Structures are given as C-alpha cells and as structure tokens.
Amino acid sequence: MTIQTRIEEPKSAQPGITRRTNPDETRHDWTRAELQALFDLPFNDLLFEAQLVHRRWFKANEVQMSTLLSIKTGGCPEDCGYCAQSAKFETGLKASKLMEVEKVLAEARKAKEAGATRYCMGAAWREPKDRDMDMVCAMIEGVKEMGMETCMTLGMLSGQQVHRLAQTGLDYYNHNVDTSEEYYPNVISTRTYQDRLDTLERVRNAGINVCSGGIVGMGESADDRIGMLMTLATLPEHPQSVPINMLMPMEGTPLGRSEKVDPLDFVRMIAVARIAMPKSVVRIAAGRELMSEEQQALCFMAGANSVFVGDKLLTAKNPEEDKDRKLFEKLGIEPMPAHSCPSEK
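An account of the accompanying structure is given in this report.

Rules behind the numbers
- Residues numbered from 1 in each chain as written.
- Predicted model: local features only at pLDDT ≥ 70, side-chain atom pairs only at ≥ 80, totals over all residues.
- Heavy atoms only, no water.
- Buried < 20%, exposed > 50% of the residue type's maximum accessible area, 1.4 Å probe, protein only.
- Helix = DSSP H or I, 4+ residues; strand = E, 2+ residues; numbered from the N terminus.
- Pairing = 2+ DSSP bridges.
- Right-handed = clockwise from strand over helix to strand, strands pointing away.
- Arc of directions from axis to C-beta.
- Contact = heavy atoms within 4.5 Å.
- Polar contact = N/O pair within 3.5 Å; in protein donor to acceptor, adjacent residues only side chain to side chain.
- Expected span 1.5 Å × (residues − 1).
- Core = buried A, V, L, I, M, F, W, Y, C linked by side-chain atoms within 4.5 Å.
- Phe/Tyr/Trp six-rings, centres within 6.5 Å; stacked < 30°, edge-to-face > 60°.
- Lys NZ or Arg CZ within 6 Å of the ring centre and 35° of its normal.
- Axes fitted to C-alpha atoms, helices over the stretch in contact; angles between N-to-C directions.
- Parallel < 35°, antiparallel > 145°, perpendicular 65-115°, else oblique.
- Left-handed = near helix turned anticlockwise from the far one by under 90°.
- Salt bridge = Lys/Arg side-chain N within 4 Å of Asp/Glu carboxyl O.

1. Here's the deal with the pairing of strand S7 (residues 241-246)
(1) Moving on: Taken across its six residues, S7 has six buried, putting it largely inside the fold.
(2) Moving on: Taken together, the three bridges between strand S6 (residues 214-216) and S7 define a ladder with parallel strand orientation. Note that in S7 the partner of Val-216 across the bridge is Met-246.
(3) Moving on: As paired strands, S7 and strand S8 (residues 281-284) are joined by four bridges and run parallel to one another. Counted as the bridge partner of Val-242 is Val-282 from S8.
(4) Moving on: Chirality of the crossover, the property in question, places the unit of S7, helix H8 (residues 263-276) and S8 among those that are right-handed.

In structure tokens:
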C-alpha cells in the first residue's frame, strides 16, 4: 500500500510570476526606487525572482565561456583609478606595442581549444589611431573565421572607426560605464561619463552588439551601484552583454588598497542586473580569483551566465583552467554555444 502525502504550499507564497517581476517584460524605464526595492528584498526572494527571469530567456545551466587578451598593454594616457595600465601611475607595468595579428590569432586558437566561444581583445588606448585599424580589423576577421564571437575594447571611437568595425563584422564592442554618473569623477578625470555614453550610442547605432557594465568595490555607495545599473537598464537598448566586475586592487593605483566587497552584496548586483536586463548575458568578470566556489555558485543562481576563462584578464589574475573545470563539473554547468543571446543583433 502506497501512502501519498500532499504538502500544502504556504498561503503567502506567490507561484510563478510575482507582482514585481514579469519575466516576459523588457523595460527601459526603471527608476532608482524600483531598483532599490529589488536590492532590499530578502535574499532568497531576490534570487527566486532572478531565476524566474533567467529561465525564461536562457537555459538554466549554460554559461558562456569567454577569453580576454590584452593586444596592447600599458602606456594608456587615461587616469582610471583602478587600472594598472595607466601611464600616470607607478605600477611597474611596461608598455608594449600592438601585438602582431598572427600572434593574436594563435592565442585565439588556444582559447577555442580550451572551450571559449567568445574572444575579447583589449588595447590600452584612450582611442585607437586610424593607422591601427587595419591590424585590428584583421584580428576580427581571423577570429570570426574560427567560429567564435568577436569582441573588442579599444577606448572611445569616432563615427568612422565604428563604421569600419561594423563593416568588418565585429560582434561586440566593450565600453564599460564603470560606476554611477555621480561617483564617476572620483574614479576618472580624463574623460567624461557622457564621452562613454556617446561611444555606446555610436556602437549601438552601427548595429554592433554592446558589452557594457561596471565595477564594484571602488569606494562607491550602495546608491552608486544602483545608479550604475539604472544607467544601463534605461539605455534605448539594453547592452547585450553586461559584465559585473569586482575590483582587483592593483598596487600603485589610487584604488590599490580598496576594501573588499561583501560577497552577498555582489550576488545581489548580479540578481538585480538579471531582472532589470532580462535578455542580456550577465558576466561575472574580474574578481572571480577572489571568490569562493560558494559565492560563484550563488552568482550563477542569481542569473550570471558568462565568465572569463583563462589564467589572466588583461593584467589581473583569473582562476586556472583546471580549477574552473572542477567547479563547473560540481555545478553541472555546460558551455553556452556562440550567439545564444536572445537580444543579439
């Protein structure tokens, strides 16, 4: 004889779509008060809502594997307070010239063999010079031939440069807003917040997918973190890719001795980003080297579905390949195929 028991669901539970979150809805009119209300939810409720959204648009256990290569390191004239590549700070980092195309492509082949489906290339420039664009475009073309998504981060771009990248077939352009508009002057003085938004607009209008996020742990307030997400979530199009970086303090930089971010606060950032930008790929970017396996698992539960793989991110450390492989096996995470973002152009 089989005895069946029925567990009654608490009357307070809200099955399916909650009052706050509609997984089918993509909004561009978020307010600070609404985002604050999400941050203020009990932790389990926030992750539940983030999961509703995440599973509506993405496969629950797929994570995009990206690799980031510095194609031109150091000597940057900007004064970004977190960056070891600034020429204005004594960090011991030597400036290098733009890498040769074949060397970049050789590294891309290694990344693909290791499982990466997106290849990101970054140059420490305020903006690229027109004479460098031929080599940059050759890198893009070569990586695309391998079947990987291509991403570039080169600083500010002119309209002509954006057009050239679009013609070459660049998939994504990364240009982070970094923080809230209010806190931004505390971090950078050599370009304005509007400069960043103008570059994002040029990229968006050219039909290139936008990769834009920010950094937490630079001394900003909780309200500044909300402001950063609100900037991204109220753009005419949400960035197709949203990297959330945890500051990796670099010796010799103004922010080299910043305090660590509370692990659960970082998870909340991921969850709110997922809810506010439902069709975007949300990446745990810099800082994974400092995170426990448990924190990373919570980030994936909160809706993160992209990471950088490889032992280095520009000048910062990243978890080793074997360490990542073991973690992903524990969590049942599978690689996300290229071009899986539902809002990708």
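2. A few points about helix H5 (residues 159-168)
(1) Moving on: Every buried residue of H5 is accounted for by Gln-161, Val-162, Leu-165 and Thr-168. One face of H5 carries all of its buried residues, which in axial projection span an arc of 125°. Facing away from the buried side of H5, by more than 90 degrees, are the exposed residues Gln-160 and Gln-167.
(2) Moving on: Packed against the buried residues of H5 are helix H4 (133-145), strand S4 (172-174) and helix H6 (193-205).
(3) Moving on: Just downstream of H5 lies Gly-169, where phi reads positive at about 100°.

3. A word on the environment of His-54
(1) Moving on: Secondary-structure assignment places His-54 in helix H2 (residues 43-57).
(2) Moving on: Overall, His-54 belongs to the buried group, its relative accessible area being 0%.
(3) Moving on: Sequence separation between His-54 and Ala-271 is 217 residues; the distance between their C-alpha atoms is 9.4 Å.
(4) Moving on: Beyond its immediate stretch of four places on either side in the chain, His-54 contacts Lys-59, Ala-60, Arg-274, Gly-303 and Asn-305.
(5) Moving on: Reaching out from His-54, the side chain makes a polar contact with the side chain of Arg-274 at a distance of 3.5 Å.

4. Points about H2
(1) Moving on: With 15 residues, H2 extends 22 Å from end C-alpha to end C-alpha; this agrees with the ideal 21 Å at 1.5 Å per step.
(2) Moving on: Taken together, the buried positions of H2 are Phe-43, Leu-46, Leu-47, Glu-49, Ala-50, Gln-51, Val-53, His-54 and Trp-57.

5. Topic: the nonpolar core
Nonpolar side chains tend to gather and get buried jointly when the protein is soluble and globular.
(1) Moving on: Judged by nonpolar contacts, the single largest core of 101 residues is most densely connected at Ile-71, Met-152, Leu-165 and Phe-266.
(2) Moving on: The dominant element in this core, judged by the number of residues it contributes, is H8, at nine residues.
(3) Moving on: Setting aside chain neighbours within four positions, we find Leu-165 in contact with Met-133, Val-136, Cys-137, Ile-140, Leu-154, Leu-157, Leu-170, Tyr-173 and Ile-208.

6. A few points about the packing of aromatic side chains
(1) Moving on: A full pass over the atoms with the stated rule returns two aromatic pairs.
(2) Moving on: Ring geometry for Tyr-184 against Tyr-193: centres 5.3 Å apart, planes inclined by 75°, an arrangement best described as edge-to-face.
(3) Moving on: The exposure class assigned to Tyr-184 is buried, which follows from its relative accessible area of 3%.
(4) Moving on: The class for Tyr-193 is buried, based on a relative accessible area of 5%.
(5) Moving on: Its guanidinium or amino end placed over the ring of Tyr-172, Arg-118 lies 3.7 Å from that ring's centre, counting from NZ or CZ.
(6) Moving on: Here Arg-283 stacks its cationic end above the ring of Phe-308, 4.7 Å away from the centre of that ring.

7. Description of the packing of H8 against helix H9 (residues 293-301)
(1) Moving on: Between H8 and H9, the shortest axis-to-axis distance is 8 Å and the interhelical angle comes to 20°. It follows from the interaxial angle that H8 and H9 lie roughly parallel. The handedness of the crossing between H8 and H9 comes out as right-handed. Taken together, the residues of H9 that come into contact with H8 (itself represented by Pro-263, Leu-264, Phe-266, Val-267 and Ile-270) are Gln-295, Leu-298 and Cys-299.

8. Description of the packing of H2 against H8
(1) Moving on: Taken N-terminus to C-terminus, the directions of H2 and H8 make an angle of 35°; their axes are 9 Å apart at the nearest point. In terms of crossing hand, the pair formed by H2 and H8 is left-handed. For the pair formed by H2 and H8, the contact residues are Phe-43, Leu-46, Leu-47, Glu-49, Ala-50, Val-53 and His-54 on the first element and Leu-264, Val-267, Arg-268, Ala-271, Val-272, Arg-274 and Ile-275 on the second.

9. Re the pattern of salt bridges
(1) Moving on: All chains considered together, the criterion is met by 20 salt bridges.
(2) Moving on: Two residues, Asp-223 and Arg-32, come together in a salt bridge whose shortest N-O distance is 3.3 Å. Placement of Asp-223 in helix H7 (residues 222-233) and of Arg-32 in helix H1 (residues 32-39) is noted, with a sequence separation of 191 residues between them.
(3) Moving on: On the accessibility criterion, Arg-32 (26% relative accessible area) is partly exposed.
(4) Moving on: Between Asp-324 and Arg-288 there is a salt bridge; the shortest N-O distance is 2.8 Å. Residue Asp-324 is located in helix H10 (residues 321-331), and its partner Arg-288 is located in the loop between S8 and H9; the two are separated by 36 residues in the primary sequence.
(5) Moving on: Residues joined in a network through salt bridges with shared partners are Glu-78, Arg-126, Glu-127 and Arg-191.

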